[in-house]
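Commentary on secondary and tertiary structure
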Amino acid sequence: MKVPNEIVLLFAATSLGLTGCQADVDPDSSTDTGSESSVMSAPYVPTLAYDDTSVTLVWDKPDDYSDIVDYRVYMNGQSLGLASDNNTEFNPAKPYIDVFEQQDSDNFHHQTTYLNFKVTDLTPATGYQFSVAAVHSDGQESTPSPVVSVTTASFSQVVDITDYGALGDGSTLNTSAIQSAIDACAASSTSAYGCKVVVPADDSNGAVFVTGALFLASNMTFEIETGATLQGSQSSEDYPLSQGYQLYSYRTNSTDSRRPPSLLNVLSSDHMNTTNDTQDGYDHRRGVFENIRVTGGGTLDGSGWQVSGETADEAGNTLPYHAPGSREKVYTLGVLAKNQMVAGYQEFYPEWDGDVSTVEYQEQINRDLYSNRRSSLATFRGVTNLYFGELTLHNPAYHGIMFLENENTVFAYTTTQTFDINNADGVEFGNSSDFLVFANFIDSGDDCINFAAGQGADYDSSLDDVNPTQGGWVFNNYTREGHGVLVAGSHTGAWIEDILAEENVAFMTDNGLRLKSTPATGGGARDIVFRDNAMKDIGTDNTHEINGVEIDNRGGKGNGFIFTLSYSAGDNVYTNADSAAYFHDITVQNVTLDNVDASASAKAVIHSDAYDGSDSSLDYAANYHQNIVFDHVAIRNSKVTDISRFKDATFSHVSFENWESGYDSPWQISDSENVTFDDVTPQPQEE
């Protein structure tokens, strides 16, 4: 198994580190005086994470970071300040992390350090040199790292959508005007900085631009300015099914899995939907598009569901509140979601007048439509080099932001406010590689940060046209109320692998680390490192008073750590994989979890199950989840564990405090092999 820093350093050595930016590292610019394990490597610029006046830097932790409490960034040899202070200014997660740590009166939790820094107010087309130094608990700094030399961009062409007739009056449908601006601007561009299309905040007619599905092109920046909103039309006809896509190719799928386009799209025109008996809407190709930036500080609003009101949060802000939707409730609570379902039914019953009180719902059709006919906020497919950042994300009819078959993707500095919209995952990576997710606030209606890789035999990793989801770094995020913090699955067919999640904080999510699949889905998750994270109130029904505000955990009940093959396979029809799914080489390290009240109705704090061989319909041998490591993990006020079918698992320096009543020990382990314990509190009882 790869050790954590090897996973991180993979990015520094690949195109994710310096793609598209004029950046060079000078290895002779500093002299190392510390031990080899504490030497700082040079910071680097993630894919397209810079423009004409700003540069975003990230860096790897040194091998020995146990005494590091912060980092200081230097530009041209002069201090720019501490990473923690910079995150206060730019990272929407930081106010929430601050409150979380202020509530930690006995210093139980892991304290977050920040591995990113945004430099602003720079001059276009100008070179700068940056380095980073570690700050230790005694205030001393390490020797600065080698420098990285960066040259800012200069935009060749800037297009305002109002110049093409778009009106920000909150009612005019601007699809044609905005698409014309995109097409004209990108036509001759050869880089992400050759074309910038601007959605302005100061249009004389307002700053809410209504539109149907839009399609971005290679080599462009799409900027929604701070104060501007790109709002999805509520009409299903503004998201033509013929311009949509299929998420997967099942080949044997008898159901209708065609999806309409999202509000923002990157989709190849030669792979869009035709009829249900074709798979023209499926596209496994990578590298179809390149060099795309979506940014600007504004809002992307999908008009998916009714907004029921607002709710106060722990940082003194208000969040939109959506009544929990579902397939049954979409006709009363949905907006675009309802209209797209109605339009779907009219495909099957053209004579129907759209009165939802009179339609005879057929169960399979209803499931198919609900699983596929709703638009997400954004779908980017087959893109090499993509930056998505700084936006506020509201009210999708379906998912939030989806990255499919992409390479070199950054998702940063965003605010997701989609609780409790049904299926509204925050961000999802499907069959994609080499991605960074950092400095985001995600209050999600489904999984917060999700990875998927297909289902069944069509996604066996031995097939030529199948790509795993691999090479991800997730850090400095705050996740809240979603179904899981970091989630692999349930679609695991081509494998989800080589993911590092560190320095994140989670509050009131249903689950923490969530690995989920079914035996017949195949593949699984491997080489996942979940380290240096703090979690509180996971899967409980607790209520908190924070800074004078009552905060209810309104989500579902779940597990702090779950490894399961008992998840529902969903409504898709596919051929069973050749071998059963499972999870292996999973490390949980230096993680804290406080569920506040052991009597709260959470599920087992650690739950695992694999395939036990008992299903006569499955031709698989029984299996185990293997090489699972829990190292320096502190858990308190929780349910006991429910661990089954672990093999070659190690629990080292794991402590439980105040677990649920009625159990002499939190260690409830069955049907497992070679599970070892080293310095755990309490010790497992001998059988």
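Residues numbered from 1 in each chain as written. Predicted model: local features only at pLDDT ≥ 70, side-chain atom pairs only at ≥ 80, totals over all residues. Heavy atoms only, no water.

As recorded in an unreviewed UniProt entry, the protein chain goes by the name Exo-poly-alpha-galacturonosidase, listed as coming from Vibrio xiamenensis. Per UniProt, the protein chain has the following entry under Sequence similarities (unreviewed entry): "Belongs to the glycosyl hydrolase 28 family." (UniProt positions renumbered as here; feature names shortened; annotations may be inferred.)

1. Let's talk about the layout of surface pockets
Taken as a whole, the second largest pocket encloses approximately 560 Å³ of empty space. Around the second largest pocket, the lining is made up of 31 residues, and of these Lys118, Thr295, Gly296, Gly297 and Glu390 lie nearest the centre. Listed by contribution, the elements that provide at least two residues to the lining of the second largest pocket are strand 2 (55-58) and strand 18 (289-295). A breakdown of the residues in the lining of the second largest pocket according to their chemical character gives 10 nonpolar, 13 polar and 8 charged. Each of domain 1 (55-152) and domain 2 (157-678) gives at least three residues to the lining of the second largest pocket. (1 Å grid on protein atoms, 1.4 Å probe; cavity = no way out; pocket = protein on both sides within 12 Å on 5 of 7 lines; lining within 4 Å. Points joined across faces, edges and corners; volume = space filled by probe spheres on them. Helix = DSSP H or I, 4+ residues; strand = E, 2+ residues; numbered from the N terminus. Nonpolar A, V, L, I, M, F, W, Y, C, P; charged D, E, K, R; others polar. Domains from an automatic or database assignment.)

2. With respect to the environment of alanine 649
Along the chain, alanine 649 turns up in strand 46 (residues 646-657). Alanine 649 sits 570 residues away from serine 79 along the chain, and the two C-alpha atoms are 45 Å apart. In this view, alanine 649 contacts Ile628, Asn674, Val675 and Thr676; residues no more than four positions away in its chain are not counted. (Contact = heavy atoms within 4.5 Å.)

3. Considering the UniProt feature "domain: Fibronectin type-III" (unreviewed entry) in the protein chain
As annotated by UniProt and renumbered to match this structure, "domain: Fibronectin type-III" (unreviewed entry) occupies residues 39-155. Helix makes up 15% of residues 39-155 and strand 31%, with an end-to-end C-alpha separation of 37 Å.

4. Description of the pattern of salt bridges
Summed over the entire model, instances satisfying the criterion amount to 29 salt bridges. Its salt-bridge partner being arginine 480, residue glutamate 314 comes within 2.7 Å of it at the nearest N-O pair. Remark: arginine 480 occurs in strand 33 (residues 478-480) and glutamate 314 occurs in the loop between strand 20 (309-312) and strand 21 (318-321); sequence separation between them is 166 residues. Judged by its relative accessible area of 2%, glutamate 314 falls in the buried class. (Salt bridge = Lys/Arg side-chain N within 4 Å of Asp/Glu carboxyl O. Buried < 20%, exposed > 50% of the residue type's maximum accessible area, 1.4 Å probe, protein only.)

5. Describing the packing of aromatic side chains
Applying the stated criterion to the full structure yields 32 aromatic pairs. Members of the aromatic cluster, joined through ring pairs, are Phe561, Phe563, Phe630, Phe646, Phe651, Phe656, Trp667 and Phe677. Its end group placed over the ring of tyrosine 65, lysine 61 keeps NZ or CZ at 4.2 Å from the ring centre. Above the ring of tyrosine 624, the side-chain terminus of arginine 645 is found at 4.2 Å from the ring centroid. (Phe/Tyr/Trp six-rings, centres within 6.5 Å; stacked < 30°, edge-to-face > 60°. Lys NZ or Arg CZ within 6 Å of the ring centre and 35° of its normal.)

6. Observations regarding the pairing of strand 14 (residues 229-232)
Of the strand pairs in this sheet, strand 11 (residues 208-211) and strand 14 are connected by 4 bridges, and their pairing is parallel. Opposite threonine 211, over in strand 14, you have glycine 232 as the bridge partner. Sheet analysis places strand 14 next to strand 19 (residues 299-301), joined by 3 bridges and oriented parallel. Residue pairing across strands places glutamine 231 opposite aspartate 301, the latter belonging to strand 19. (Pairing = 2+ DSSP bridges.)

7. Quick look at the state of the cysteines
Here is the idea: a disulfide is a covalent bond, and it sits between the sulfur atoms of two cysteines. Summed over all chains, the structure comprises 1 disulfide. Disulfide partner of cysteine 185: cysteine 195, at an S-S distance of 2.1 Å. With the S-S bond torsion at 135°, the cross-link from cysteine 185 to cysteine 195 turns out right-handed. Here cysteine 185, found in helix 5 (residues 175-186), pairs with cysteine 195, found in the loop between helix 5 and strand 10 (196-199); they are 10 residues apart in sequence, far enough to count as distant. Here cysteine 185 and cysteine 195 have matching classes, each one buried. (Disulfide = S-S within 2.5 Å.)

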